[in-house]
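# Structural description and commentary
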Amino acid sequence: MGKKAAKATKKFAASGQLKKTIQARRKYRDIKKKAEKRKGGKGKGKEVPEDENASEDDEQEVEGTPGKFKGMSVDDFLGGGFTQGASDDEGSGSGEEAVSEDGEEDGDESEFGDDNETFADIDDLDDEGAAHLIELSKLAEKDPEFYKYLQENDRELLEFNPDDANMQDEDEDEQPMEEDKTPVLTKDILQRWQKALLDHRSLRALRKMLIAFRSAAHMHEEDQVLAWRIDSSTVYNKLVTTALRYTPVVVEHHCPYRSLPNGKFKAPTQTDKWKTLQKLILSYFHNVLHLMGQISDDEMLRLAFSETAKLVPYVTSSRKTVKAYLKTCLNYWSSAEDSVRIAAFLSVRRLAGATDESILDLVLKNTYLTLVRSCKSTSAHTLPAINLMKNSASELYCADHATSYQHAFGYIRQLAIHLRNSMKTKTKEAYKQVYNWQYVHCVDFWALVLARACDKQTVIERGGQESELRALIYPLVQVALGAARLIRNARSFPFHLHIVRSILHLTRHTCTYVPLAPYLLPVLTSTLSASSKPKPSTLRPLDFETHIRAPQQYLKTRVYNEGLAEESAFLLAEYLASPPVLGSIGFPEVVIPVVLLLRKAIKGAKSAQGKLSKAKEAGIAKSLVDRIEESERWVEQRRKGVLFAPGKLSEVERWEEGLKVEHSPLARYVKVQRKAREKRRKLVEKAREGEGEILED
């Protein structure tokens with residue numbers, strides 16, 4: 001006695017999809033034949049039996065159907081009029097998929113099939129009941145952002161009458177397929193899917209919509225068997241937007257994942273429903289990545305990143321998908337417009353929230369390498385984007401200090417190896433291994449990471465526990481200062497100032513004392529030297545933020561000399577006003593050598609030149625010395641009443657914690673200078689953009 005046909009099999013046979021399946025197979029076979037012929041006739045002998053077996057397989061598929069379909073030919077079967085008994089409750093898919101699939105979870109897009117019958121067994125999981133209508137009423141509370149989007153764009157979906165859903169779906173399934181013609185996706189069909197997704201979280205509607213979405217992603221490609229044809233740009237945009245916004249809502253409803261208190265997430269449990277949905281989600285994910293390569297609209301790209309980030313917990317089991325998604329995100333993070341960069345970074349950060357440590361390792365490694373590749377050259381136009389990348393990447397590295405330590409240790413060690421090779425070889429090519437933008441940005445990036453990880457606020461958030469990354473402060477400082485000592489000439493001073501600026505940021509946030517005065521005083525005193533005679537020039541002031549080496553024409557010019565004096569004096573003032581220096585009880589003694597050296601340089605500059613050709617540089621240094629001496633007296637005034645000896649370190653630390661450094665004369669001087677520099681920087685930016693602002697000295 002023959003086995004009774006399953007409901008899904010009957011539905012598939014009655015819907016008229018069998019003929020389309022056979023046509024798709026034959027089309028695929030023809031394409032394969034053409035590909036074989038292009039290879040020079042290889043495998044020609046294999047094509048003949050395949051061609052003969054194809055028709056036999058088609059006959060057997062019909063003849064093997066038990067019951068009333070037994071013994072029918074294909075033409076008899078298609079003309080049998082079985083659509084009369086079709087019911088929408090029986091499911092709309094075939095139990096046997098039309099296109100064969102690989103068993104691998106992380107396969108390419110081709111693994112997921114092309115036809116409308118792909119993932120048809122998902123329909124059997126659909127549970128359309130009254131419970132879904134309750135979900136609709138709770139949508140405003142659960143996902144207010146999605147509800148607001150529906151109110152603005154698809155208000156008719158919120159006013160949907162659920163009694164009409166089954167009748168509309170039935171009409172859609174009973175439409176006969178025209179021979180050799182791909183159906184056209186219309187707004188009405190898409191709207192019915194939207195209603196089913198919103199009201200019932202229907203997996204059947206999700207399957208149909210994602211198959212149509214695949215057609216949209218590959219619609220301009222040859223050799224693609226597509227289930228739908230999209231003729232309207234409005235329908236195309238609506239389909240893409242609907243798939244991006246609705247898919248996370250439906251998938252999370254059927255297979256929720258777990259969020260942990262530390263911000264990480266766990267993938268859904270391996271239920272039968274999830275195992276059936278997994279390949280559908282992976283297929284959709286690959287289609288989104290494929291589509292993003294064709295999109296140029298920033299708004300659509302932001303939407304794609306924000307919505308795919310919600311599905312990240314569902315794809316972490318597929319390493320190939322994770323790598324492809326990470327590569328796409330980092331590509332846009334390093335090259336797109338700022339808002340798209342931020343959206344891409346948020347997706348990367350979401351990926352780093354997986355409990356699988358290997359994924360976090362992958363994210364950290366590729367993020368750093370992308371950053372290094374993106375900062376080979378720096379200009380006024382690329383610097384803001386590079387700074388954005390450094391700040392966002394440092395946030396990733398501070399998410400898990402223990403894991404980040406392994407990466408930071410290895411990459412700081414690489415910087416040390418480059419420095420050691422340059423010090424040993426002492427050739428022009430060896431020096432270029434250190435004196436380049438990548439080295440400068442890497443030092444600055446690790447200074448940002450350690451400053452963020454070892455900041456007082458971070459220690460408080462960690463319950464007073466010291467960061468594992470704190471141990472890397474000393475090796476980073478040694479590498480950075482070693483690079484500054486490598487070449488000491490006037491042309492390399494901009495490089496020195498970049499290194500000092502990075503270490504200064506690190507000392508301020510970690511309250512670590514680093515002696516930076518010996519690296520700033522030679523730069524400042526060189527501008528006051530009696531032996532140098534700067535020549536007048538019509539060159540514009542050198543932008544020290546976008547140069548690590550002064551151009552040849554700037555050497556021994558007044559404009560370069562004055563710029564060096566301003567920049568080095570400001571950095572020296574910032575260093576002396578930082579908490580590790582000005583906040584020390586021994587500040588008056590620490591600054592004695594600095595004051596003596598600067599006074600001597602100022603005196604030499606005035607006496608050597610009769611016409612005071614270095615009056616501006618001398619004035620800058622004199623103003624700095626006055627502020628330092630005022631701060632020296634300010635600290636002495638506050639330590640007058642001290643009753644403990646210098647050896648009582650606990651009392652010394654308590655006194656230093658109570659000292660308000662920001663009220664000192666030097667700190668106020670730095671604050672005023674910082675505001676003036678920021679104002680001038682904005683004027684320069686406006687002038688660069690062509691707005692015609694006049695720059696004032």
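Residues numbered from 1 in each chain as written. Predicted model: local features only at pLDDT ≥ 70, side-chain atom pairs only at ≥ 80, totals over all residues. Heavy atoms only, no water.

Further remarks concern the nonpolar core. In this structure, Trp446, Leu572 and Leu624 are the most contacted members of the largest nonpolar core, which totals 174 residues. Beyond its immediate sequence surroundings of up to four residues, Trp446 is in contact with Tyr368, Tyr397, Ala408, Tyr411, Ile412, Leu415 and Leu476. (Core = buried A, V, L, I, M, F, W, Y, C linked by side-chain atoms within 4.5 Å. Buried < 20%, exposed > 50% of the residue type's maximum accessible area, 1.4 Å probe, protein only. Contact = heavy atoms within 4.5 Å.)

Moving on, we get to the packing of aromatic side chains. Summed over all chains, the structure comprises 17 aromatic pairs. Geometrically, the ring pair formed by Phe305 and Tyr332 is edge-to-face, given 5.4 Å between the ring centres and 75° between the ring planes. Here Phe305, found in helix H14 (residues 298-309), pairs with Tyr332, found in helix H15 (residues 319-335); they are 27 residues apart in sequence, far enough to count as distant. Just as Phe305 is buried, Tyr332 falls in that class too. Taking the centre distance of 5.3 Å and the plane angle of 85° together, the rings of Tyr397 and Trp446 count as edge-to-face. Highlighted residues: Tyr397 in helix H18 (residues 383-397) and Trp446 in helix H21 (residues 437-453), separated in sequence by 49 residues. Assessed through its relative accessible area of 0%, Tyr397 is described here as buried. What makes Trp446 buried here is its relative accessible area of 0%. Among the aromatic residues, ring-to-ring pairing joins Tyr368, Tyr397, Tyr411, Phe445 and Trp446 into one connected group. Above the plane of the ring of Phe570 lies Arg677, whose end atom (NZ or CZ) is 4.1 Å from the centre. (Phe/Tyr/Trp six-rings, centres within 6.5 Å; stacked < 30°, edge-to-face > 60°. Helix = DSSP H or I, 4+ residues; strand = E, 2+ residues; numbered from the N terminus. Lys NZ or Arg CZ within 6 Å of the ring centre and 35° of its normal.)

Looking now at the packing of H14 against helix H16 (residues 338-352). One way to put it is that H14 packs onto H16 with a least axis distance of 9 Å and a crossing angle of 10°. By the angle class used here, H14 and H16 are roughly parallel. Contacts from Asp298, Leu301, Arg302, Phe305 and Ala309 in H14 reach Ser339, Val340, Ala343, Ala344, Ser347 and Arg350 in H16. Residue classes in the contact of H14 with H16 are distributed as six nonpolar, two polar and three charged. (Axes fitted to C-alpha atoms, helices over the stretch in contact; angles between N-to-C directions. Parallel < 35°, antiparallel > 145°, perpendicular 65-115°, else oblique. Nonpolar A, V, L, I, M, F, W, Y, C, P; charged D, E, K, R; others polar.)

Turning our attention to the pattern of salt bridges. For the structure on display, the rule yields 22 salt bridges. Across the pair Lys390 and Asp444 runs a salt bridge whose closest N-O atoms are separated by 2.6 Å. Within this pair, whereas Lys390 is found in helix H18, its partner Asp444 is found in helix H21, the two being separated by 54 residues in sequence. By relative accessible area, which is 3% here, Lys390 ends up buried. Across the pair Glu567 and Arg501 runs a salt bridge whose closest N-O atoms are separated by 2.7 Å. Taken together, the positions of Glu567 in helix H26 (residues 558-576) and Arg501 in helix H24 (residues 493-510) put the pair 66 residues apart, joining distant regions of the chain. By relative accessible area, Glu567 is classed as buried at 8%. Residues joined in a network through salt bridges with shared partners are Arg501, Glu567 and Arg677. (Salt bridge = Lys/Arg side-chain N within 4 Å of Asp/Glu carboxyl O.)

In this structure, Lys426 takes a positive phi of about 55° despite not being glycine. Here Lys426 lies in the loop between helix H19 (401-425) and helix H20 (428-432). Residue Lys426 is classed as exposed on the basis of its relative accessible area, which comes to 58%. A positive phi angle is found at Lys556, which is not glycine, with a value near 60°.

A few words now on the confidence of the model for the protein. When pLDDT is averaged along the protein, the result is 79; 75% of the residues meet or exceed 70. Mean pLDDT values for the elements of the protein range from 41 in helix H3 (residues 44-63) up to 96 in H21. Residue range residues 162-180 is modelled with pLDDT below 50. Its contacts to residues more than four positions away, or to other chains, number 28 contacts. The model gives residues 691-697 a pLDDT under 50, and that stretch makes 10 contacts with residues more than four places away or in other chains. (pLDDT = per-residue confidence, 0-100.)

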